[in-house]
Amino acid sequence: MPQVLVVDDDPHIRQLLVFALEKAGLSAREAEDGEAALLQVAKAAPDLVVLDINMPKLDGLEVCRRLRAQGDLPILFLSSRDDEIDRVLGIELGGDDYVVKPFSPREVVARVQAILRRARAAAPAAKADAPMSHGRLTLDPESWVARWDDAEVPLTVTEFGILKILLGGPTRVFTRDAIIDRLHGPGFAITDRTVDSHVRNLRGKFAALGAHDVVETRAGVGYRLGPCQGGAPGA
């Protein structure tokens, strides 16, 4: 049974989400602040963290930074402010999705289940996939590893999924809607800005290795795979 850690300094929100998650057949734990969250992750190794941004001691963004330094544990952000900067920053740090308060518990459960399905499906599906390469980029779905030459590039589940989509059609331009459908399934409610944030984060990780041409933008349309030779970005 997948285990979800709910991190929020509001006990009512924690109880509400724990109840909704367990009703949906998931196991749920609670943490009241960022420090407690890090201890719970080390102790219980959850499959996903629902993480509030605004908390005492350590806020959600700092917790995300520390978790991302350790691995690719899926993270769903909660925000009490309708502030795009917080949302985008959260995604750029490696969050997989976000929900703005006040929210419907059903929406949170649906997004949690979508992220978990994506993470669970990756391993069995990948076993049938051969390594994919383009230029100096290599993607190994079986080991869930991306490399630029011999350097491994640490990607989140969502970032890896986007790159795999682009590699699957190296000459095709994928609209944002097409990327969302392939990642989450048709009809999943997510904004174009979220896709853009994931792509920006993906580009940043490769740019740190001198790879500036991994993903190209086609203005007004979407994204396509770049030449992956290490040159200047296509857009």
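Residues numbered from 1 in each chain as written. Predicted model: local features only at pLDDT ≥ 70, side-chain atom pairs only at ≥ 80, totals over all residues. Heavy atoms only, no water.

(A) Inspection of the sheet that holds strand β1 (residues 3-7) at higher detail. Ordered by their spatial adjacency, five strands build an open sheet running β2-β1-β3-β4-β5, and the pairing between neighbours is parallel. With one partner strand each, in any of the chains shown, β2 (27-31) and β5 (97-100) form the two edges of the open sheet. Strand-to-strand twist in this sheet, taken as the mean axis angle between neighbours without regard to direction, amounts to 20 degrees. Pairing of β1 with strand β3 (residues 48-52) involves four bridges; the strand directions are parallel. Residue pairing for β3: V6 is matched across the bridge by V50. Packing against the sheet, helix α1 (residues 11-23) makes contact with β1, β2, β3 and β4 (75-79), and its axis sits at approximately 170 degrees to β2. Lying on the sheet, helix α2 (residues 34-44) is in contact with β1, β2 and β3; it crosses β2 at an angle near 145 degrees. (Pairing = 2+ DSSP bridges. Helix = DSSP H or I, 4+ residues; strand = E, 2+ residues; numbered from the N terminus. Axes fitted to C-alpha atoms, helices over the stretch in contact; angles between N-to-C directions. Contact = heavy atoms within 4.5 Å.)

(B) Summary view of the pattern of salt bridges. The tally for this structure, following the rule as stated, stands at 15 salt bridges. The salt bridge partner of K101 is D8, with a shortest N-O separation of 2.8 Å. Separated by 93 residues along the polypeptide, K101 in the loop between β5 and α5 (105-126) and D8 in the loop between β1 and α1 bring together distant segments of the chain. In this structure, the salt-bridge partner of E216 is R224, at a minimum N-O distance of 3.8 Å. Overall, the relative accessible area of 10% leaves E216 in the buried class. One connected set of salt bridges, linked through shared partners, spans D8, D52 and K101. (Salt bridge = Lys/Arg side-chain N within 4 Å of Asp/Glu carboxyl O. Buried < 20%, exposed > 50% of the residue type's maximum accessible area, 1.4 Å probe, protein only.)

(C) Highlighting the layout of surface pockets. The computed volume of the second largest pocket comes to approximately 200 Å³. As for the second largest pocket, its lining consists of 14 residues, and the residues nearest its centre are D72, V153, P154, L155 and T156. If you list the elements that add at least two residues to the lining of the second largest pocket, you get α3 (60-70), β8 (145-148) and β9 (151-153). Along the lines of polarity and charge, the residues of the lining of the second largest pocket split into seven nonpolar, three polar and four charged. (1 Å grid on protein atoms, 1.4 Å probe; cavity = no way out; pocket = protein on both sides within 12 Å on 5 of 7 lines; lining within 4 Å. Points joined across faces, edges and corners; volume = space filled by probe spheres on them. Nonpolar A, V, L, I, M, F, W, Y, C, P; charged D, E, K, R; others polar.)

(D) Molecular detail of α1. For α1, with 13 residues, the first-to-last C-alpha span of 18 Å sits near the 18 Å given by 1.5 Å per residue. Every buried residue of α1 is accounted for by I13, R14, L17, V18, A20 and L21. The arc that holds every buried residue of α1, seen down its axis, measures 165 degrees, which confines them to one face. For α1, exposure combined with an orientation more than 90 degrees from the buried face picks out H12, Q15, F19 and K23. Where α1 starts, the residue carrying a side-chain oxygen 2.9 Å from the main-chain nitrogen of H12 turns out to be D10. G25 occupies a position one or two residues after α1 and carries a positive phi of about 95 degrees. (Expected span 1.5 Å × (residues − 1). Arc of directions from axis to C-beta. Polar contact = N/O pair within 3.5 Å; in protein donor to acceptor, adjacent residues only side chain to side chain.)

(E) The arrangement of the nonpolar core in detail. Membership of the largest hydrophobic core comes to 27 residues, with the highest contact counts inside it found for L137, W148, L155, L163, I179, F206 and V214. Mapped onto this core, the elements with two or more residues apiece are β7 (137-140), β8, α6 (157-168), α7 (176-184), α8 (192-207) and β12 (222-225). L163 has contacts with L137, L139, L155, L202, F206, V214 and L225, leaving out every residue within four places of it along the chain. One finds V41, M55, L58 and L67 within the second-largest nonpolar core, a separate group that totals 22 residues. (Core = buried A, V, L, I, M, F, W, Y, C linked by side-chain atoms within 4.5 Å.)

(F) A look at the sheet that holds β8. Strands sit in the order β6-β7-β8-β9 across an open sheet of four strands; the sheet is antiparallel. Pairing within the sheet leaves two strands with one partner each, and these edge strands are β6 (132-134) and β9. Strand after strand, the sheet turns through a mean of 25 degrees between neighbouring axes, direction not considered. Here three bridges tie β6 to β7, and the two strands are oriented antiparallel to one another. When the bridges of β7 are listed, M132 appears paired with L139. Running at roughly 110 degrees to β7, α6 makes contact with β6, β7 and β8 of the sheet.

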